[in-house]
Amino acid sequence: MLSRGNWSGTVGFILASMGSAVGLGNVWRFPYITGQYGGAAFILLYIGCVLAVGIPIMLAEFLIGRKTQRNPVGAFRTLRPGSPWVVIGWLGVLSGFVILSYYAVVGGWVLHYVYLALTHSFAGKSPEQITALFVDMNTHSWLQIFWLGIFMLLSIVIVSRGVASGIEIGNRIMIPLLFVLLLGLLFYALQTDGAATGLEFLLRPQWHKLGPIAVLEALGQALFSLSLGMGTMLTYGSYLSRQTNLVRSACFVGIGDILVAILAGFVVFPLVFNFGLQPSTGPGLIFRTLPIAFAQLPAGYPVALAFFVLLSFAALTSAISLLEVVCAYFVDEQGWSRKKASWTLGIVIFVLGIPSALGEQFLDFMDGLATNYLLPIGALLIAVFTGWVLTREERKEEFGAGEISAFRFVCWSFLIRYVSPVAVILIFLHQLQLF
Ligand code: PFF
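Note that this is a predicted model, so its numbers are computed, not measured. (Residues numbered from 1 in each chain as written. Predicted model: local features only at pLDDT ≥ 70, side-chain atom pairs only at ≥ 80, totals over all residues. Heavy atoms only, no water.)

> How do you make sense of the site of the ligand when you look at a structure like this?
As a matter of local geometry, the ligand sits amid 15 residues, with Leu-24, Gly-25, Tyr-103, Phe-224 and Thr-232 nearest to it. At 3.1 Å from a nitrogen atom of the ligand is found a main-chain nitrogen or oxygen belonging to Ser-225. A distance of 3.1 Å is found between a nitrogen atom of the ligand and a side-chain nitrogen or oxygen belonging to Ser-227. Bound to the protein, the ligand loses 100% of the 340 Å² it would expose on its own. Elements represented by at least two residues in the shell around the ligand include exactly α1 (10-21), α2 (24-36), α10 (212-225) and α14 (300-334). Class assignment for the residues of the shell around the ligand results in six nonpolar, nine polar and no charged. (Near = heavy atom within 4 Å. Polar contact = N/O pair within 3.5 Å; in protein donor to acceptor, adjacent residues only side chain to side chain. Areas by Shrake-Rupley, 256 points an atom, 1.4 Å probe, with all protein chains shown as cover. Helix = DSSP H or I, 4+ residues; strand = E, 2+ residues; numbered from the N terminus. Nonpolar A, V, L, I, M, F, W, Y, C, P; charged D, E, K, R; others polar.)

Below, the structure is given as structure tokens:
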């Protein structure tokens with residue numbers, strides 16, 4: 001069998017997992033829904049969801065990956081040969097194709113905006129001219145396809161170099177830089193005139209907005225933001241040796257992801273409110289609204305550049321984890337070389353991305369398919385498999401001595417058997433508009 005590759009150690013593994021988790025979901029979606037659903041009250045709720053549902057599922061994925069040293073399909077096949085549970089793996093590989101095909105289109109937009117920032121394209125422009133930049137990009141399909149191609153090329157080059165010398169090195173460079181840029185931008189944003197209003201928008205606890213819908217939003221966001229439900233963390237866990245403490249790693253990644261999301265909000269909203277702009281949802285906030293602020297801010301040039309470079313690192317480190325899930329399957333199960341897998345599958349995903357580049361409606365459809373159905377179903381099945389199909393002994397024996405205390409093991413087992421499945425079923429029923 002070909003060698004699958006390994007992380008060089010715990011730090012490389014944590015940085016890579018953090019890279020997967022920290023992505024576009026943190027920078028635009030989290031700040032917006034926080035403002036919409038009650039500020040600090042929502043942040044507390046979100047932290048609760050990450051701790052009670054997200055981290056337990058992440059730990060389950062790490063555990064299954066490390067135990068089997070396999071891709072998602074091979075992992076379930078190894079644990080329960082000949083059983084239908086292998087469908088979790090298939091769903092994961094399918095989700096990898098679906099999510100990356102549109103995620104890379106948005107990644108391409110970000111690269112285009114890095115280029116625009118570099119070439120001083122925002123300075124002195126009116127809000128209408130800034131909006132025209134976005135519309136222009138959207139109407140020139142070849143431009144989007146070009147940047148989609150560049151984004152996929154970068155992902156392919158990193159993944160084709162292997163686990164330690166490609167994915168790990170990419171994350172070792174990009175994740176610390178991402179934190180430095182984030183802190184620099186934070187420092188800047190908090191000194192602008194909009195800081196007080198921006199912080200108030202995010203932090204004023206509005207308990208009355210915390211209805212059941214907010215709970216479901218928080219749960220769905222936790223799954224997407226932590227890259228759960230499709231075997232990404234399982235695949236990353238499969239390149240681990242038993243020296244790494246999985247419990248600590250899962251907590252570290254979960255809490256780091258929350259932190260980036262909150263800090264991103266502290267950057268985005270002071271800038272938005274500084275100019276009395278409207279906090280809008282989704283890509284509009286990042287690509288239409290923020291550049292209006294960059295156009296008028298003192299030091300707008302370095303700030304815009306830092307912001308879009310940060311965003312491109314966040315998108316790229318998540319994209320490589322998505323490509324890796326798909327590649328790992330073809331390397332492990334079909335005996336492809338890593339080079340062949342990354343180039344072939346990367347090109348297939350590039351082609352699959354073209355319809356999303358041609359029409360935002362298709363992009364929204366793919367996003368809805370993944371976040372409303374594929375990830376929640378995957379997360380539910382992973383929780384049920386870990387909590388109810390694996391025996392207590394199977395769960396227990398994978399943890400090394402001292403890796404998890406008896407008390408934490410009982411808590412985790414309870415969360416993964418009862419809390420996570422019920423929570424995910426609720427998200428799903430909500431998506432189906434059954435309540
Ligand atoms: N966690 C990423 C984000 O917040 O943007 C998105 C993502 C990456 C989802 C990898 C799923 C995944 F497997």
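> Sorry, what's going on with the packing of aromatic side chains here?
One pair of aromatic rings is described through two measures. These are the centre distance and the angle between the planes. If you walk through the whole model with that rule in mind, you get 35 aromatic pairs. Where Phe-146 meets Trp-147, the ring centres are 5.1 Å apart and the plane angle is 75 degrees; that geometry is what we call edge-to-face. For Trp-147, a relative accessible area of 14% gives the class buried. Here the aromatic rings of Phe-307 and Phe-308 are separated by 5.3 Å at their centres, their planes lie at 85 degrees, and the arrangement is edge-to-face. For Phe-308, a relative accessible area of 0% translates into the label buried. An aromatic cluster of three or more residues is present, and its members are Trp-109, Tyr-113, Phe-122, Phe-134, Phe-287, Phe-294, Phe-307 and Phe-308. Stacked on the ring of Phe-409, the Lys or Arg Lys-396 has its end atom at 4.5 Å from the ring centre. For the cation-ring pair, Arg-417 lies above Trp-388, with the distance from its terminal atom to the ring centre recorded as 3.8 Å. (Phe/Tyr/Trp six-rings, centres within 6.5 Å; stacked < 30°, edge-to-face > 60°. Buried < 20%, exposed > 50% of the residue type's maximum accessible area, 1.4 Å probe, protein only. Lys NZ or Arg CZ within 6 Å of the ring centre and 35° of its normal.)

> What's the story with a nonpolar patch on the surface in this structure? I'm lost.
Residues Leu-153, Val-157, Trp-343, Ile-347 and Val-351 make up a contiguous nonpolar surface patch of roughly 420 Å² in combined accessible area. Elements supplying a minimum of two residues to the nonpolar patch: α7 (141-160) and α15 (338-358). Top contributing element to the nonpolar patch by residue count: α15, with three residues. On the secondary structure map, Val-351 appears in helix α15. Assessed through its relative accessible area of 47%, Val-351 is described here as partly exposed. (Patch = residues over 30% accessible without salt bridge, like charges linked within 9 Å, V, L, I, M, F, W, Y side chains within 5 Å. Salt bridge = Lys/Arg side-chain N within 4 Å of Asp/Glu carboxyl O.)

> What am I meant to see in helix α3 (residues 40-68) here?
Every α-helical turn comprises 3.6 residues, leaving residues that sit three or four positions apart pointing alike. Counted at 1.5 Å a residue, the expected span for α3 with its 29 residues is 42 Å, and the 40 Å between its end C-alpha atoms agrees. Where α3 bends most, the angle comes to about 40 degrees, and this point is Val-50. Along α3, 22 of the 29 residues are buried, which leaves the element largely enclosed by surrounding structure. Among the residues trailing α3, Gln-69 stands out with phi positive, at a value near 55 degrees. (Expected span 1.5 Å × (residues − 1). Bend = angle between axes of the 7 residues up to and from the residue.)

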